[in-house]
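The chain contents come next:
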Amino acid sequence: MDETANPIAPGREKLVARKQEWARDGRLLTGRTARPEEERLPPGQRLVSDFPVLDLGVQPDVARDRWRLRLEGLVSNRLALDWEAFCALPQAEWLNDIHCVTAWSRYDNVWRGVGAMTLLEMAQPRREATHIVFHSYDGYTTNVPLEAFARPENLVATHWNDAPLERVHGGPARIVIPHLYFWKSAKWVTRIEFRAEDQPGFWEVRGYHNNADPWTEERYG
Ligand SMILES: Nc1nc2c(c(=O)[nH]1)N[C@H]1C(S)=C(S)[C@@H](COP(=O)(O)O)O[C@H]1N2
Ligand SMILES: [Mo]
């Protein structure tokens, strides 16, 4: 399994097509906005207590000794961290809520891993770097502006609720960007690419919003 793989498992094309239809039809939109200081649940979301698994049916099994995290592109120091080097970095832990564009939200997730700011300090993005694309072992991609990643609560997470992150949720390691819809939080991440222009990812080219702010319901673009 590598990042050039097709992330859509055989038989899942229909599911992808249905989500694209939802995007075209503007399904789930309430037209309401809310403020995180005033409400805990963003507009149109419902609270769940389980932890749904969402992906395109390809769940790569990445052995720790083969795993790498690369930070590449417009950075002064390219990084290619193996598991040992990654785990030796300062650890961060954050508690937050997650919001999926398919309308479920889950409160109080404890994430542990390496903070985005730690990785950015090591890689030193160049001045021209304005955007990031995350590349995953299943072939999935998603994009954010650099400033959306450069926030203290963002992580490359290896643990969820005090246990190693399960493979179905993106283990060995996934991105966590809690202030955006969860499709921006790439599971099985292997490469963080720094760019001078934006480049829409898997769902962004299929009708999802480029920004993904749950509080203003940026579900579809
Ligand atoms: N590599 C990869 N990351 C991914 C996805 C995917 O298909 N592949 N799906 C995204 C979507 S749409 C959501 S809602 C969350 C789901 O994460 P979970 O399965 O841990 O709930 O992962 C996101 N990250
Ligand atoms: Mo999602």
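The preceding data block contains the structure.
Just so it is clear, the structure is predicted and the values come from calculations on it, not from any experiment. Counting restarts for each chain: residues are numbered from 1 in the order of the written sequence. Just so you know, chain letters begin at A and ligand numbers begin at 1, following the order they were written in. Reporting in this predicted model follows two pLDDT cut-offs: at least 70 for local features of residues, and 80 or more for side-chain atom pairs to be given and counted; totals over whole chains, interfaces and linings ignore these cut-offs and use all residues. Side-chain calculation: all heavy atoms of the structure are included, whereas hydrogens and water are not.

## Some words on the overall build of the protein
In terms of helices and strands, the protein carries four helices and 11 strands. Taken over C-alpha atoms, the radius of gyration is set against a globule rule of 2.2 Å times the number of residues to the power 0.38. Relative to its length of 221 residues, the protein is compact, with a C-alpha radius of gyration of 17 Å against a globular reference of 17 Å. Across its three principal directions, the C-alpha atoms of the protein cover 45 × 40 × 40 Å. Whether a residue is buried, partly exposed or exposed follows from its accessible area with a 1.4 Å probe, protein chains only, as a fraction of its type maximum: under 20%, in between, or over 50%, in that order. The buried share among the 221 residues of the protein stands at 52%. Here, two residues are considered to be in contact whenever any of their heavy atoms come within 4.5 Å of each other. If you take every contact in the protein between residues at least 6 apart in sequence, the share linking residues at least 24 apart comes to 72%. Comment: elements are numbered from the N terminus, with helices defined as DSSP H or I runs of at least four residues and strands as E runs of at least two.

## Notes on helix H1 (residues 13–25)
The span expected for a helix works out to 1.5 Å for each residue beyond the first. Here H1 contains 13 residues, and its C-alpha end-to-end distance of 18 Å stays within 8% of the 18 Å for a straight helix at 1.5 Å per residue. When H1 is considered as a whole, its buried residues turn out to be Val-16, Lys-19 and Ala-23. All buried residues of H1 fall inside an arc of 60° around its axis, so they share one side. When the buried face of H1 is taken as reference, the exposed residues oriented beyond 90 degrees from it are Lys-14, Arg-24 and Asp-25. One or two steps after H1, the chain reaches Gly-26, where phi turns positive at roughly 65°. Think of the arc as the fan of directions from the helix axis to the C-beta atoms.

## A closer look at helix H3 (residues 116–123)
Considered for burial, the residues of H3 that qualify are Ala-116, Leu-119, Leu-120 and Ala-123. Considered in projection along H3, the buried side chains sweep an arc of 100° and stay on one side of the axis. With its phi angle positive at about 55°, Gln-124 sits one or two positions after the end of H3.

## Things to note about the site of ligand 1
Here a residue is near a molecule or strand as soon as one of its heavy atoms is found within 4 Å of it. Contacts to ligand 1 come from 20 residues, most closely from Pro-52, Asp-138, His-169, Arg-174 and Lys-187. Here an oxygen atom of ligand 1 and a side-chain polar atom of His-169 are 2.7 Å apart. Summarising the interface, the protein chains cover 99% of the accessible area of ligand 1, which totals 540 Å² for the free molecule. Charged residues are taken to be Asp, Glu, Lys and Arg, nonpolar residues to be Ala, Val, Leu, Ile, Met, Phe, Trp, Tyr, Cys and Pro, and polar residues to be all remaining types, Gly included. Within the shell around ligand 1, the residues separate by chemical class into 13 nonpolar, three polar and four charged. In protein, a polar contact means a hydrogen-donor-capable atom and an acceptor-capable atom, both N or O and within 3.5 Å, with residues adjacent in sequence counting only if both atoms are side-chain atoms; elsewhere, any N or O pair within 3.5 Å suffices. Note that accessible areas follow from Shrake-Rupley with a 1.4 Å probe, and for residues the cover is restricted to the protein chains shown.

## Digging into the side chain of Asn-96
Mapping Asn-96 onto the fold places it in strand E4 (residues 92–99). The exposure class of Asn-96 is buried, given its relative accessible area of 10%. The contact partners of Asn-96, leaving out residues within four places of it in the chain, are Arg-106, Tyr-107, Asp-108, Asn-109, Trp-111, Val-176 and Pro-178.

## Quick word on the sheet that holds strand E11 (residues 189–195)
When DSSP finds two or more bridges between two strands, those strands count as paired. If you trace the five strands from one edge of the open sheet to the other, you get E3-E2-E11-E6-E7, paired in mixed fashion. The sheet is open, and its two edges are formed by strand E3 (79–82) and strand E7 (141–145), each paired on a single side. The sheet shows a mean angle of 15° between the axes of neighbouring strands, direction not considered. The sheet contact formed by strand E2 (residues 68–73) and E11 spans four bridges and is parallel. Residue pairing across strands places Glu-72 opposite Glu-193, the latter belonging to E11. Helix axes are fitted only over the stretch in contact, all axes being lines through C-alpha atoms; the angle between N-to-C directions runs from 0 to 180 degrees. Each of E2, E3 and E11 touches H3; the most contacted strand, E3, lies at about 130° to it.

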